[in-house]
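# Per-entry structural report
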Amino acid sequence: MTEVFSPVMWQRAERDSVFGEGGFDALVVVGHQFELPDFPELKQLVSHAIGIDSGIARQPTLLLAPGLAGGRLVLAPTGALDDDYLDVRQFAEAAQAGMARALAAGAKHPLLLVERSDDSRYSEALSAALLGAGQQLYQPFDVKRQPMTIGVLGLENVARANALEIGRTLARDLCGGDPEQMAPPAFADYCAEHFAGSAVSVEVISDRAIIERDYPLLSGVARASYGVARHEPRVVRLVYRSSGAIHKSWLLAGKGVTFDTGGADLKIGGAMAGMSRDKGGAAAVAGLMAALAQLQPKGVEVIAELGLVRNSIGREAIVPDEIITGHSGKRVRIGNTDAEGRLVLADVLSHLRELAPAMANQPTLMSLATLTGHVVRSYGPYSAVVENSVARARGDGGQLQAISEQLAEPFELSRLRREDFAQVAARTPSEDLLSSNNGASVNISRGHQFPMAFLIGAAGLDQHQLGSDLPLPYLHLDIAGSAVEKRDPLYGMPTAVPVATLLALLLDY
């Protein structure tokens, strides 16, 4: 496997590293009160500094500290932790700000110390701090990356932390590439290169005739891109299957719209800016698979398909009112060509659904997508998870939400209702489903819930409800509000959400 994808690596550090052992050139301390019972000398220094400047407890501060790692001490306060509505993101954000200050001071090999908290909300404070620090330390693939090894005090599972950072780096690379750098063929090639020789097998489907036959809805979205070789669609299939008995099976679908013009329903008024990030779902799925390739856990089987298309505008573009028969056999009337992601996912999910009967146990299906503006309007910078009836009966969405809260990637749990199915019901005898009405999702009632009702019908998952012979739990994850840093939703760094949550959920951490 290519080794350059994650130059940021974590290293377990011992107590003496704080005082200059190990060659670290800065000490970044993330905490609230900076009590630090294991380091009385450090606590005394911090208390003295705060006594002189109380602002130290409110903002990242660099102190000259001879005798400590590199002579640089960066204090990164979390702020108060006792408010009922705070969560572990306090630690992630403090670590991100602390690392930024250390880098600004010239540090190349910092050491991270995270103050513990007895509050159960912060039980994964160290994990959250690593996510925040990794976000700050990430460097895009198209700049000269400087390899960095970061020391971490109290880090128990170094292999898991590094596998996760490798996965998050790949996800950010894929999501952040511009419309040419990560057009469908380039995205697919990047995956093939990364997974070559790894425990994850990769297959790239590129033949136009096959894509048109087996992925007709996806191919419809891509229709205006045909004829421009560097923009033509791809389907990437990634498989991880451990040896021995399989105890947990997942089937994952990732939306990879590498640029979204809106198609014939053209995005106007500046709304096209940032649409190279509309591949965050596929990027996150690939990131999870990269982490699995590193860890090679037992008892796990994951099959993923990434639908990679460019929703171009041109004389071949699909238009509203067209009826396209999808892979599942359902006839779909196009309501709005800017509702393209659900068309891509429907065909991919239909293929994955067909694999379920042959799997060792009941698989869980998930779709990941930067799907709707409505989820941003509803929840701001949070992701949403919507369950089908089978997943809801098992409490799958609640479990995912609980893990996401612990790992600074919080999800909101949305409910699928009968009105959502009415929204996509056929309007004439000529179609089985309507993909969308003709408005933007931000202005449509239940605009991030009803797309899942469409996906259930268009992918044939309506045949696998609670009373069926093979009930299949299915979760739809809309990450449109969380895939990019909220401080710059158009061009901020991709966040790799929800790779950490999915890895923890899959492996029962």
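To be clear, the structure that these remarks concern was listed above.
Now for a look at the structure at hand. Just so it is clear, the model here is predicted, and its values are computed rather than measured.

Turning next to the overall build of the protein chain. The number of helices and strands found in the protein chain is 15 helices and 17 strands. At 23 Å, the protein chain has a C-alpha radius of gyration in line with the 23 Å of a compact globule built from 509 residues. Taken along the three principal axes of its C-alpha coordinates, the protein chain extends 80 × 50 × 45 Å. Expressed as a percentage of contacts within the protein chain between residues at least 6 apart in sequence, the contacts between residues at least 24 apart total 79%. About 19,600 Å² of surface is accessible on the protein chain, with carbon and sulfur atoms providing 50% of the total. Computed over 45 positive and 58 negative side-chain charges, the inter-centroid distance for the protein chain is 3 Å.

Per the stated rule, a full pass over the model turns up zero disulfides. Here Cys-191 is not disulfide-linked; the sulfur of Cys-175 is the nearest cysteine sulfur, at 12 Å. Take Cys-191: its relative accessible area is 0%, and that puts it in the buried class.

What follows covers the packing of aromatic side chains. Scanning the entire structure with this criterion turns up three aromatic pairs. Both rings, one in Phe-91 and one in Tyr-122, keep their centres 5.6 Å apart while their planes meet at 55 degrees; by these two values the pair is tilted. Of this pair, Phe-91 sits in helix H2 (residues 89–104) while Tyr-122 sits in the loop between strand S5 (110–114) and helix H3 (125–137), placing them 31 residues apart in sequence. Take Phe-91 and Tyr-122: they sit in the same class, and that class is buried. Directly above the aromatic system of Tyr-226 lies the positively charged group of Arg-208, at a separation of 3.9 Å from the ring centroid.

Let's shift gears to the sheet that holds strand S7 (residues 201–205). Across the sheet, eight strands lie side by side as S7-S8-S10-S9-S13-S17-S14-S15; this open sheet has mixed pairing. Looking along the sheet, the strands with just one partner apiece sit at the ends: S7 and strand S15 (411–414). With strand direction ignored, the average angle separating the axes of adjacent strands in the sheet is 20 degrees. Here strand S8 (residues 234–241) runs beside strand S10 (residues 300–311); their pairing, made up of eight bridges, is antiparallel. Paired with Tyr-240 across the bridge in S10 is Val-302. Along the sheet, helix H8 (residues 280–295) contacts S8, strand S9 (248–260), S10 and strand S13 (364–369); its crossing angle with S9, the most-contacted strand, is approximately 140 degrees. Sitting on the sheet, helix H14 (residues 450–458) touches S13, strand S14 (383–387) and strand S17 (474–478), and the angle it makes with S17 is about 135 degrees.

Right, let's get into the packing of helix H4 (residues 158–176) against H8. Orientation of H4 relative to H8, taken along the N-to-C sense of each, is 150 degrees, at an axis distance of 7 Å. Considered as vectors, H4 and H8 are oriented roughly antiparallel to each other. Remark: the crossing between H4 and H8 carries right-handed chirality. Of H8, the residues touching H4 (which contributes Ala-159, Arg-160, Ala-163, Leu-164, Ile-166, Gly-167, Leu-170, Ala-171, Leu-174 and Cys-175) are Gly-280, Ala-283, Ala-284, Ala-286, Gly-287, Ala-290, Ala-291, Gln-294 and Leu-295. Residues that form the contact of H4 with H8 fall into these classes: 14 nonpolar, four polar and one charged.

We now examine H4. Helical periodicity: at 3.6 residues per turn, an α-helix aligns residues three or four positions apart in one direction. A rise of 1.5 Å per residue sets the reference length of H4, with its 19 residues, at 27 Å; its end C-alpha atoms lie 26 Å apart and thus fit the reference within 8%. Counting buried positions along H4 yields 15 of 19 residues, so the element is predominantly enclosed.

Once that is clear, we can look at the pattern of salt bridges. Evaluated as defined, the whole model comprises 28 salt bridges. Note that Glu-41 is salt-bridged to Arg-15, the shortest N-O span being 3.6 Å. Remark: Arg-15 occurs in the loop between strand S1 (8–13) and strand S2 (26–31) and Glu-41 occurs in helix H1 (residues 40–52); sequence separation between them is 26 residues. Note on Arg-15: relative accessible area 35%, which makes it partly exposed.

Backbone-to-backbone hydrogen bonds pair the strands of a sheet. The strands run either parallel or antiparallel. Read across the sheet, six strands follow the order S1-S6-S5-S2-S4-S3 without closing on themselves; strand pairing throughout is mixed. Each edge of the open sheet carries a strand with a single partner, namely S1 and strand S3 (61–64). Between one strand and the next, the sheet's axes are offset by a mean angle of 25 degrees, whatever the strand orientation. By the bridge criterion, five bridges tie S2 to strand S4 (residues 72–77) in an arrangement that is parallel. Considered in S4, the bridge of Gly-31 is made with Pro-77.

The subject of this paragraph is the packing of helix H5 (residues 184–195) against H8. With their axes 11 Å apart at the nearest point, H5 and H8 run at an angle of 10 degrees to one another. Between H5 and H8, the angle is such that the two are roughly parallel. Judged by residue contacts, Phe-187, Cys-191, His-194 and Phe-195 of H5 engage Ala-282, Ala-283, Ala-286, Met-289, Ala-290 and Ala-293 from H8. When the residues that make up the contact of H5 with H8 are grouped by side-chain class, the tally is nine nonpolar, one polar and no charged.

As a further point, take a nonpolar patch on the surface. Judged by side-chain polarity, Leu-266, Ile-268 and Ile-313 come together as a nonpolar surface patch covering roughly 300 Å² of accessible area. Along the chain, the position of Leu-266 falls in the loop between S9 and H8.

So, on to unusual backbone geometry. Cis geometry marks the peptide bond from Val-497 to Pro-498; its omega dihedral reads 5 degrees. Mapped onto the fold, Pro-498 is located in the loop between S17 and helix H15 (499–506). Phi angles above zero are rare outside glycine, and Asp-321 is one such case at about 85 degrees. Looking at the secondary structure, you find Asp-321 in the loop between S10 and strand S11 (323–325). Here Asp-321 falls in the exposed class, since its relative accessible area comes to 55%. Of note, the phi angle at Arg-446 is positive, near 60 degrees, even though the residue is not glycine. Inspection of the secondary structure assignment puts Arg-446 in the loop between strand S16 (433–434) and H14. By relative accessible area, which is 23% here, Arg-446 ends up partly exposed.

Reading guide: rules and limits
- Residues numbered from 1 in each chain as written.
- Predicted model: local features only at pLDDT ≥ 70, side-chain atom pairs only at ≥ 80, totals over all residues.
- Heavy atoms only, no water.
- Helix = DSSP H or I, 4+ residues; strand = E, 2+ residues; numbered from the N terminus.
- Rg over C-alpha atoms; globule rule 2.2 N^0.38 Å.
- Contact = heavy atoms within 4.5 Å.
- Areas by Shrake-Rupley, 256 points an atom, 1.4 Å probe, with all protein chains shown as cover.
- Lys, Arg positive; Asp, Glu negative; His and termini not counted.
- Charge placed at Lys NZ, Arg CZ, Asp CG, Glu CD.
- Disulfide = S-S within 2.5 Å.
- Buried < 20%, exposed > 50% of the residue type's maximum accessible area, 1.4 Å probe, protein only.
- Phe/Tyr/Trp six-rings, centres within 6.5 Å; stacked < 30°, edge-to-face > 60°.
- Lys NZ or Arg CZ within 6 Å of the ring centre and 35° of its normal.
- Pairing = 2+ DSSP bridges.
- Axes fitted to C-alpha atoms, helices over the stretch in contact; angles between N-to-C directions.
- Parallel < 35°, antiparallel > 145°, perpendicular 65-115°, else oblique.
- Left-handed = near helix turned anticlockwise from the far one by under 90°.
- Nonpolar A, V, L, I, M, F, W, Y, C, P; charged D, E, K, R; others polar.
- Expected span 1.5 Å × (residues − 1).
- Salt bridge = Lys/Arg side-chain N within 4 Å of Asp/Glu carboxyl O.
- Patch = residues over 30% accessible without salt bridge, like charges linked within 9 Å, V, L, I, M, F, W, Y side chains within 5 Å.

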